[in-house]
Amino acid sequence: MFNNHFKTALRFLKQNKIFAGINAFGLSVALAASFIMLLYTINELSYDHFHKNRNRVYRVLNYYVNFKKTIPNTPYTLAPTLKGEIPQIEEAIRVSKIGDFKLKLKDEYIDLNDVIATDSKVFDIFTLPLIGSPSNNTLLDDPAAIVLSRDLAVKFFGLEDPIGKDIIAKVNDADHLFIVTGIFENIPKNSSFRAQCFINIKWSIEIANKYHKDGNADKDWGLDSWTTWVLLSKGCNPESLEQQFRNLEIKYIRKEPDKNYSLQNLSDVYLRSNDILYSENNGNLTTIRMFLVIAFLIILVAALNYIILSTAVSTGRAKEIGIRKTLGAGTNSVRNQLLYESIILAVFVLPMALVMMWLSLPYAGKLFQTDLNIIKSNVFIYSSVYFALTLFIGVASGIYTSYYLSRLKVTDILKPTLLFGKRKQFFRSSLIILQLVIFCSFVSGTLIIRSQYQYALKTDPGFYTRNILLIDLGADFKGFSAFLNSVKSYPDVLAASGTGEGLPIKAFNGFLVKHFQDNNVKVPVQSMNVDYSFLSTMGINLIKGRDFSEEFGSDESKARILNETAVKLLGITDPIGKPFGSGTIIGIVKDFNIYSIRSRIPPVSISLTDSYIHQVIVHYKPGTLKNLLSFLKPEWKKIDTDMPFTYSTIEEHIKDIYSSERNLSTIVSIFALFTLLIATIGLFGLTLFVSKTRTKEIGIKKIFGSSEGLIVYSFLRVNFILVLLASLFSIPVTLYVMTKWLNNYSYKVHISWLVFAIPFAVSTIVVLLTVFIHSYKTSRINPVKALRYE
């Protein structure tokens, strides 16, 4: 039975090459686009699934009660305290990323990005496979111990056994001798916990004590600089530990603690940490949902194409079905036959879709700003999902046609209403409108996203957004003053200063200040650390008081400059000279966007310091950047020969802040193009089939005096109405979706009527041009030949 259906389906597709070709193209494009989306989605959703203990591994989160902010950073002493006082916690480790760490290879120092200082139990908690190591429990107990990844071991030792061998590392500009105590398998790319090598946790203490005034960072409950990971006992409900956490906070912090600890499961770390400050390597559930919706809509457009074209060619199919039913074929047999046709077509285009996907991956990766890798552990999932989707689109495309045509009675086939009935035309028109609604919504959405992106780039943030160079100093740069003086000496430099982070900043660094009129109210204030001349270098407008000045010796320890919002929300009247924390207010600046436009301008306190300067800000003359960089690079090497000279312009920095909007706009516009392409090809085929079925009708009209222009007009008028209706229906859909999206921004554009007019104009031109090509050709047919047409 299956073989008969299969052969019949193949015969039909061969006989209807235009029908098969148009649908094959639409299905292959839709599947390829969807496969890329699904590859990204599967990779994102599979994060951390390879960890055997993932359901029992939790990260400790730290909620700042007064600021209403959550961070993943905790005190050093928290891990052993949790292990000792909460029985349900089997293991607890501290983790700290070491920023300035280089391994020596021959005469060259190789900079490593993912060096983790932690405890030996890290291999048990994260079940990291070890290669040839006798024990997991003591690998990092020695302060000089280092455990390398497989790739790192091969890079530094080749095929030799590295265990027990020495390796020199430069930590904070000083050479230290380490001993390789173990090798672990490379951590998969879809892991939120990443490491190239592990070292003893004591290295993080030494670094922290450099900045800790009492030198006891390991005992300070107020110093949140480590990530704490715990392994819960089997069957333990993390919610049952909440009261024990509250007791611990009261015991070690204060009676009314300003911090609350909670647990976040490892499986949630990657995709559910967007509201957690300083959380690295995060995915985005919203992006995944959006990609799934786009993939579904493209598949839907391709399926609608198949249905529209199937109804258009139903004339010949109806006669065929009538003959088969006369010869005894049953309804189920006919239905299955028609369904097999669409499934076989979908399966046939699967290899073509996979090739198109493979060729597109590098470009899609750049577009998504991620590596779209084929992960070995996910190959079975890819294969299953792709094949299931192919079968789904085959069934979805053919289910209506097979159901509709298989139910026809032999007597109905002779009725002209079968071919030209209003119900059938209405159904087909509805599907075309739905396709165009999807396209118009895509285009309108793209234009709104693009408008918001341009608004973010062009709106005045209250500081210079041109001709500013940001130079990264890192955490331990020793020659800030010397380098800054060198920068200022260059003739094309208008001004230069230092700051902790260039504007607009990404990190939150705040403190609480009592309201000046009501001591019971505390206001969170964002802190900024800067050097002299920062305001003038960045073009921030000082509206009251004075700037920091070297003429006032107390400015570095006492002077504070506030923004307008801080003065307003703190209820400060006549602010100049008023005490502020441990200092005094010396100036007020006009509000500026310290964050991106996604956030409202907060109260800001600007302090003078040289201890937390991590960037040099340079305001240069327009058109002189190339010469300036040529001067700065040798000057940098004079001060620090090992640290790379890294920089960006403020234009690049701002574009990077809003890169997600730019990429989203590009992605949606590309898939809008796919949607229009698939729909246009389908409409082209539909016009071809409809014009053939109306050939005799057109011949009769010409005999009775109808002109070619009127015949073409009749085709164009119907399709113009469809475009108009689709454009109108797309407006409420677009407004609903995009208004919700714009609500993520504190400062946003107003939706213009042009974002709806443009897709209407584009779809009108494309659709009418497509229809015109066939209708014009049909209108010129000889009436005599038209009357003979069957």
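Everything below is about the structure printed above this text.
Residues numbered from 1 in each chain as written. Predicted model: local features only at pLDDT ≥ 70, side-chain atom pairs only at ≥ 80, totals over all residues. Heavy atoms only, no water.

Asker: Explanation requested: the overall build of the chain in the structure shown.
Answerer: Check the secondary structure of the chain and you find 26 helices and 23 strands. The burial tally for the chain puts 51% of its 790 residues in the buried class. Taking the intrachain contacts of the chain between residues at least 6 apart in sequence as the baseline, contacts between residues at least 24 apart amount to 79%. When the accessible area of the chain is evaluated, it comes to approximately 37,700 Å², of which 58% is carbon and sulfur surface. (Helix = DSSP H or I, 4+ residues; strand = E, 2+ residues; numbered from the N terminus. Buried < 20%, exposed > 50% of the residue type's maximum accessible area, 1.4 Å probe, protein only. Contact = heavy atoms within 4.5 Å. Areas by Shrake-Rupley, 256 points an atom, 1.4 Å probe, with all protein chains shown as cover.)

Asker: Quick question: what am I supposed to make of a nonpolar patch on the surface here?
Answerer: Together, Phe720, Ile721, Leu724, Leu725, Leu728 and Phe729 line one region of the surface with nonpolar side chains, adding up to about 490 Å² of accessible area. Its location among the elements puts isoleucine 721 in helix 24 (residues 708-742). (Patch = residues over 30% accessible without salt bridge, like charges linked within 9 Å, V, L, I, M, F, W, Y side chains within 5 Å. Salt bridge = Lys/Arg side-chain N within 4 Å of Asp/Glu carboxyl O.)

Asker: Sorry, what's going on with the side chain of serine 605 here?
Answerer: Along the polypeptide, serine 605 turns up in strand 21 (residues 604-608). If we skip the residues at most four places from it in the chain, serine 605 touches Phe511, Val525, Gln526, Ser527, Met528, Arg560, Ile561, Leu562 and Phe580.

Asker: Help me out: how do you make sense of the pairing of strand 6 (residues 115-118) in this one?
Answerer: One face of the sheet, then the other: side chains in a regular strand alternate in exactly this way. Because side chains alternate across strand 6, one face comprises the buried residues Val115 and Ala117, and the other comprises Ile116 and Thr118, equally buried. Sheet topology note: the strand 3 (residues 89-98)/strand 6 ladder contains three bridges and is antiparallel. Pairing of lysine 97 across the sheet is with isoleucine 116, part of strand 6. Sheet analysis places strand 6 next to strand 10 (residues 197-200), joined by four bridges and oriented parallel. Residue pairing across strands places valine 115 opposite cysteine 197, the latter belonging to strand 10. (Pairing = 2+ DSSP bridges.)

Asker: How should helix 16 (residues 480-488) be read in this particular structure?
Answerer: One full turn of an α-helix is made of 3.6 residues, so residues set three or four places apart face in the same direction. Within helix 16, the full set of buried residues consists of Phe480, Phe483, Leu484, Ser486 and Val487. End-on view of helix 16: buried residues confined to an arc of 160°, all on one side of the axis. Each element contacted by the buried residues of helix 16 is listed here: strand 13 (468-472), strand 14 (493-499), strand 22 (615-620) and helix 20 (625-639). (Arc of directions from axis to C-beta.)

Asker: Sorry if this is basic, but what is going on with the nonpolar core here?
Answerer: Among soluble globular proteins, nonpolar side chains are generally buried collectively. Ranked by internal contacts, the top residues of the largest apolar core, which has 97 residues, are Leu503, Phe592 and Ile606. With 14 residues, helix 2 (residues 17-45) is the single largest residue contributor to this core. Apart from residues no more than four positions distant in its own chain, leucine 503 is found in contact with Phe463, Met528, Phe534, Met538, Ile540, Phe592, Ile594, Ile650 and His653. (Core = buried A, V, L, I, M, F, W, Y, C linked by side-chain atoms within 4.5 Å.)

Asker: Looking at this structure, I do not really get unusual backbone geometry. What am I missing?
Answerer: Only a minority of non-glycine residues have a phi that is not negative, and only a minority of peptide bonds are not trans. Each neighbour pair has its own omega, and for leucine 503 with proline 504 the value is -10°, a cis peptide bond. Relative to the helices and strands, proline 504 is located in the loop between strand 14 and strand 15 (510-514). With a phi angle near 60°, lysine 106 is a residue other than glycine that sits in the positive phi range. Structurally, the position occupied by lysine 106 is in the loop between strand 4 (101-105) and strand 5 (108-111). Backbone geometry places aspartate 574, a non-glycine residue, at a positive phi of 45°.

Asker: Sorry, what's going on with the environment of glutamine 454 here?
Answerer: The topology assignment puts glutamine 454 in helix 15 (residues 422-458). Judged by relative accessible area, which is 25%, glutamine 454 ranks as partly exposed. Residues glutamine 454 and lysine 655, 201 residues apart in the sequence, show an inter-C-alpha distance of 10.0 Å.

Asker: How should I be thinking about the packing of aromatic side chains in this particular structure?
Answerer: Working definition: an aromatic ring pair is given by the centre-to-centre distance plus the angle between the planes. Per the counting criterion, the structure on display carries 23 aromatic pairs. An angle of 20° between the planes, with centres 4.2 Å apart, marks the rings of phenylalanine 35 and tyrosine 386 as stacked. Taken together, the residues phenylalanine 35 in helix 2 and tyrosine 386 in helix 12 (residues 379-406) connect sequence positions 351 residues apart. We note that phenylalanine 35, like tyrosine 386, is buried. (Phe/Tyr/Trp six-rings, centres within 6.5 Å; stacked < 30°, edge-to-face > 60°.)

Asker: So what exactly am I meant to see when it comes to the pattern of salt bridges here?
Answerer: Any two side chains of opposite charge can pair if their charged atoms end up close together. Evaluated as defined, the whole model comprises 20 salt bridges. Among the ionic pairs, lysine 251 bridges to glutamate 85, the shortest N-O distance being 3.3 Å. With a gap of 166 residues between them, lysine 251 in helix 7 (residues 242-252) and glutamate 85 in helix 3 (residues 78-85) connect regions that are remote in the sequence. The residue arginine 272 makes a salt bridge to aspartate 268 at a minimum N-O spacing of 3.5 Å. Classification of arginine 272 by relative accessible area gives exposed; the value is 52%. Among the ionic contacts, a cluster of salt bridges with common partners joins Lys83, Glu91, Lys121 and Asp124.

Asker: Teacher, can you tell me more about the side chain of arginine 56 here?
Answerer: Within the secondary structure, arginine 56 sits in the loop between helix 2 and strand 1 (57-64). Here the side chain of arginine 56 touches glutamate 90 through a polar contact of 3.0 Å, side chain to side chain. (Polar contact = N/O pair within 3.5 Å; in protein donor to acceptor, adjacent residues only side chain to side chain.)

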